[in-house]
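One letter stands for each residue in the lines below.
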Amino acid sequence: MLVMFLLQFMFACIGVQLFKGKLYYCTDPSKLSQEKCVGEFFEYSSGDYYKPELLAREWLNSDFNFDHVSNALLALFTVTTFEGWPNLLYQSIDSSVENVGPINNYRPAVAIYFIAYIIVIAFFMVNIFVGFVIVTFQSEGEQEYKNCELDKNQRKCMEFALKAKPIKRYIPTDKFQYKVWWVVTSRWFEYLIFIIILLNTISLAMKYHGQPSAYEEGLANLNLFFTAVFIVEFILKLMAFRFRNYFGDPWNVFDFLIVLGSIIDIIVEQVNTSADGQPSVNINITFFRLFRVMRLVKLLSKGEGIRTLLWTFIKSFQALPYVALLIVMLFFIYAVIGMQVFGKFLIDDSTQINRNNNFQTFPQAVLVLFRSATGEAWQLIMLSCLNAHCDDKTGETTYKCGHAFCYMYFITFYMICSFLIINLFVAVIMDNFDYLTRDWSILGPHHLDEFVRLWSEYDPDAKGRIKHLDVVALLRKIQPPLGFGKLCPHRTACKKLVTMNMTLNSDGTVMFNATLFALVRTSLRIKTDANKTPDQLNEELRFIIKRVFKIKNQKLLDEVVPPPGVENDVTVGMFYATFLIQDYFRRFQKRKEQRLKSGMTGAPPAATVALTVRSHNSRCGARFAFG
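All values reported here derive from a predicted model rather than from experimental measurement.

What follows concerns the overall build of the protein chain. Helix and strand counts for the protein chain come out as 22 helices and ten strands. Split into buried and exposed, the 627 residues of the protein chain put 40% on the buried side. Intrachain contacts of the protein chain at a sequence separation of at least 6 include 68% that bridge at least 24 residues.

Take the pattern of salt bridges next. A full pass over the atoms with the stated rule returns eleven salt bridges. Linking Glu159 and Lys163 is a salt bridge whose minimum nitrogen-to-oxygen distance equals 2.9 Å. On the criterion of helical spacing, the pair formed by Glu159 and Lys163 is a turn pair, its members being four residues apart in helix α5 (residues 152-163). Residue Lys163 is classed as exposed on the basis of its relative accessible area, which comes to 59%. Among the ionic pairs, Glu233 bridges to Lys237, the shortest N-O distance being 3.3 Å. Here Lys237 and Glu233 lie together in helix α8 (residues 213-246), a separation of four residues that amounts to about one turn. You'll find Glu233 and Lys237 in the same group, each marked buried.

Here we take up unusual backbone geometry. The linkage connecting Pro480 with the following residue, Pro481, adopts the cis geometry, with an omega of 10 degrees. For Asn99, which is not a glycine, the phi torsion comes out positive at approximately 60 degrees. According to the relative accessible area criterion, Asn99 is partly exposed, its value standing at 44%. The residue Ala462 is not glycine, and still its phi comes out positive at about 55 degrees. Along the chain, Ala462 falls in the loop between α15 (449-458) and β7 (465-467).

The end-to-end C-alpha distance of helix α19 (residues 534-549) is 22 Å, a good match for the 22 Å that 16 residues give at a rise of 1.5 Å each. Considered for burial, the residues of α19 that qualify are Leu537, Asn538, Leu541, Arg542, Ile544, Ile545, Val548 and Phe549. An end-on view of α19 places all buried positions within 165 degrees of arc, on one side of the element. Buried residues in α19 make contact with α5, α18 (512-524) and α20 (554-560).

The next subject is the state of the cysteines. Evaluation of the coordinates by the stated rule reveals two disulfides. Between the sulfur of Cys26 and that of Cys37 lies a disulfide, 2.0 Å long from S to S. Measuring the twist about the S-S bond at about 80 degrees, one finds the Cys26-Cys37 disulfide to be right-handed. One end of the pair, Cys26, is in strand β1 (residues 24-26); the other, Cys37, is in the loop between β1 and β2 (40-44), with eleven residues separating them in the sequence. The pair formed by Cys26 and Cys37 is uniform in burial state, with each residue classed as buried. Between the sulfur of Cys390 and that of Cys401 lies a disulfide, 1.8 Å long from S to S. On the sign convention where negative means left-handed, the S-S torsion of about 75 degrees between Cys390 and Cys401 marks this disulfide as right-handed. One end of the pair, Cys390, is in strand β5 (residues 389-391); the other, Cys401, is in the loop between β6 (398-400) and α14 (405-432), and eleven residues separate them in sequence.

Another aspect to go through is the environment of Val79. Here Val79 shows up in helix α2 (residues 69-80). Sequence separation of Val79 and Ala122 is 43 residues, and the distance between their C-alpha atoms is 8.0 Å. Residue contacts for Val79: discarding those within four places in its chain leaves Trp85, Leu88, Tyr117 and Ile118.

On to the nonpolar core, then. Ranked by internal contacts, the top residues of the largest apolar core, which has 64 residues, are Phe66, Cys385 and Phe410. Taken together, the elements giving at least two residues each to this core come down to α1 (2-19), α2, α3 (85-94), α4 (111-141), α11 (304-342), α12 (362-373), α13 (378-386) and α14. With 54 residues, the next largest nonpolar core counts Leu162, Leu443, Leu519 and Leu541 among its residues.

Caution applies to low-pLDDT parts of the model: their predicted coordinates are not meant to be read in detail. A residue-level look at the protein chain finds 85% of positions with pLDDT of 70 or above and a mean pLDDT of 82. Confidence, expressed as mean pLDDT per element, reaches its minimum in the protein chain at helix α22 (residues 606-626) with 40 and its maximum at α12 with 93. Every residue in residues 603-627 scores below 50 in pLDDT, and together they form 33 contacts with partners more than four places removed in sequence or on other chains.

Turning our eyes to something else, we now look at the packing of aromatic side chains. Under the defined criterion, the tally for this structure stands at 43 aromatic pairs. Ring geometry for Phe234 and Tyr246: centres 5.5 Å apart, planes at 70 degrees, overall edge-to-face. Looking at Phe234, the relative accessible area reads 17%, which means it is buried. Judged by its relative accessible area of 1%, Tyr246 falls in the buried class. Between the aromatic rings of Phe575 and Tyr576, the centroid separation amounts to 5.1 Å while the plane-to-plane angle is 85 degrees, which identifies the pairing as edge-to-face. When its relative accessible area of 31% is taken as the criterion, Phe575 is described as partly exposed. By relative accessible area, Tyr576 is classed as buried at 2%. Members of the aromatic cluster, connected to one another through ring pairs, are Phe331, Tyr334, Phe342, Phe345, Phe359, Phe405, Tyr409, Phe410 and Phe413.

Another point: the side chain of Asn513. Take Asn513: it is sitting in helix α18. Within the structure, the side chain of Asn513 is placed 2.9 Å from the backbone oxygen of Ala161, a separation counted as a polar contact. Apart from the residues within four sequence positions on either side, Asn513 is in contact with Ala161, Leu162, Ala164, Leu556, Glu559 and Val560.

The contact between α3 and α4 brings their axes to 9 Å, and the two run at 150 degrees. One way to sum up the angle between α3 and α4 is to call them roughly antiparallel. Residue-level inspection shows Trp85, Leu88, Leu89, Ser92 and Ile93 of α3 in contact with α4, the latter providing Ala111, Phe114 and Ile118. Across the contact of α3 with α4, the residue classes tally to seven nonpolar, one polar and no charged.

Take the packing of helix α7 (residues 187-204) against α8 next. Interhelical geometry of α7 versus α8 gives an angle of 150 degrees and a closest axis separation of 10 Å. Between α7 and α8, the interaxial angle falls into the category roughly antiparallel. When you trace α7 past α8, the crossing you get is left-handed. Here Phe189, Ile193, Ile196, Ile197, Leu199, Asn200 and Ser203 of α7 come into contact with α8, specifically with Leu219, Leu222, Phe226, Val229, Phe230, Glu233, Leu236 and Lys237. When grouped by side-chain class, the residues that make up the contact of α7 with α8 number eleven nonpolar, two polar and two charged.

Calculation criteria
Residues numbered from 1 in each chain as written. Predicted model: local features only at pLDDT ≥ 70, side-chain atom pairs only at ≥ 80, totals over all residues. Heavy atoms only, no water. Helix = DSSP H or I, 4+ residues; strand = E, 2+ residues; numbered from the N terminus. Buried < 20%, exposed > 50% of the residue type's maximum accessible area, 1.4 Å probe, protein only. Contact = heavy atoms within 4.5 Å. Salt bridge = Lys/Arg side-chain N within 4 Å of Asp/Glu carboxyl O. Expected span 1.5 Å × (residues − 1). Arc of directions from axis to C-beta. Disulfide = S-S within 2.5 Å. Core = buried A, V, L, I, M, F, W, Y, C linked by side-chain atoms within 4.5 Å. pLDDT = per-residue confidence, 0-100. Phe/Tyr/Trp six-rings, centres within 6.5 Å; stacked < 30°, edge-to-face > 60°. Polar contact = N/O pair within 3.5 Å; in protein donor to acceptor, adjacent residues only side chain to side chain. Axes fitted to C-alpha atoms, helices over the stretch in contact; angles between N-to-C directions. Parallel < 35°, antiparallel > 145°, perpendicular 65-115°, else oblique. Nonpolar A, V, L, I, M, F, W, Y, C, P; charged D, E, K, R; others polar. Left-handed = near helix turned anticlockwise from the far one by under 90°.

Now the structure itself:
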């Protein structure tokens, strides 16, 4: 901020040297000096030579000038906001010498001054300031965890794994209902509805003013066709999911409202049209058709990339209310001050303080501030407040009541709102979009929702546990970095499961949170130091979880990170390590038998076989110990 001010001060000093006293002008453009700018002159408004107006000549200075450093700083600040700077540029190009009026294109080279200022200050330094705001916001948010061993991504992934819950997935038992359910949940059915929605959206965009009656009738028939398709979709889904499960999904409720609105729209359109084709009743609710376009959001959310963006939007929106509350407080304070200071200004439609733009009421004051925050001619509102007039209590006489406080009022509001607080929105969004600048092979919280969605295929009742044999199939369905991917061989998947230490229940099942937490822990290498025992690593991780996440559910904590000293629990890593040892031994025996059958000699002695198996066993044990 200090560097930016010093640069602005330097440009202000240069501007004083270049334009001091050179931006004066006469209201009569034919007069170039103050001595000649006296008397009166004719002005033809709108170029109508039959309506001349007699006006007095006045020698005026530009509203924004460089007569001294403070004025120069004010003028350059308006240039920084990109408001009104072209007029100041053209006035500077036409400037000649002190106390002489403008001459067209007298000094075109001075444009370099404004171009250099915009590049250095408006483009470069302001964006550095924005970046500084974002970096400061992110660093301050990390102050609470400055002594934590976990980085931000690890904390977010662990928090998701601890708070996630399995979701129910309805699968009917009736054969006919199951067939209908299989159809409406299939990929090709989604693609078909997606194409229908696209065509429906295109048909909604094909209307235009003055369309022929045959063309309008064709669009009406298309509307009937699309509505019929959506009704059929609604009926099929209602048959597949039944009433309770269908309306338990917010997206299905949204679909139902769209279908209901489309039916009402068609009925009203038929009732509203008389025999001669003219409206018989003044009813128009065709806006219901426009809601069909919103169905695109549902189908777009099926894609992994769009789903990730929607996840980021939701996470950003959860933090935005705090920034929005800060903005509301700022607007409230400045609106109240504006009402007290500028509320008595007279309404003059020839100025920026007019019937649509004033501080006489609180809503109007907020509207003026919102316009100023967007940068729309805020400097003209400031000048109008500076030159505003008030009336006395009788309302018969007026007097000038504008004062210099408006400079501080509008400049501080614009700086705080546009340069600082508005950029906090960017900081919040960038804070949740940090995965865009990170290697996509690194696991992030935006990947974890896929695990919850696919878990429901193996646990439709959301009991929170599945068979350990289904874990391999589940993780092969999930793409890396969270899962193994469908191209991962079964044996390789088993090797990876050796590193996971979630507890295997007595009925051969594994828990939802334990599995997800083990995936996060092994993928992000959280407490997997080979130089420490599993009990030491688990104890350290339990301490971090209690301190960072303030978890009070002891059962959940023991589930995701087993407490030290528990010897009887069998983990998934142990099971698959044993499975791999047996598999390798069987393969070795098979190769040995093949050698004997083929008459080959030189088979390794039994001691070597035992050593090989023992060596592999120790490696597998080390792997699941690291989990």
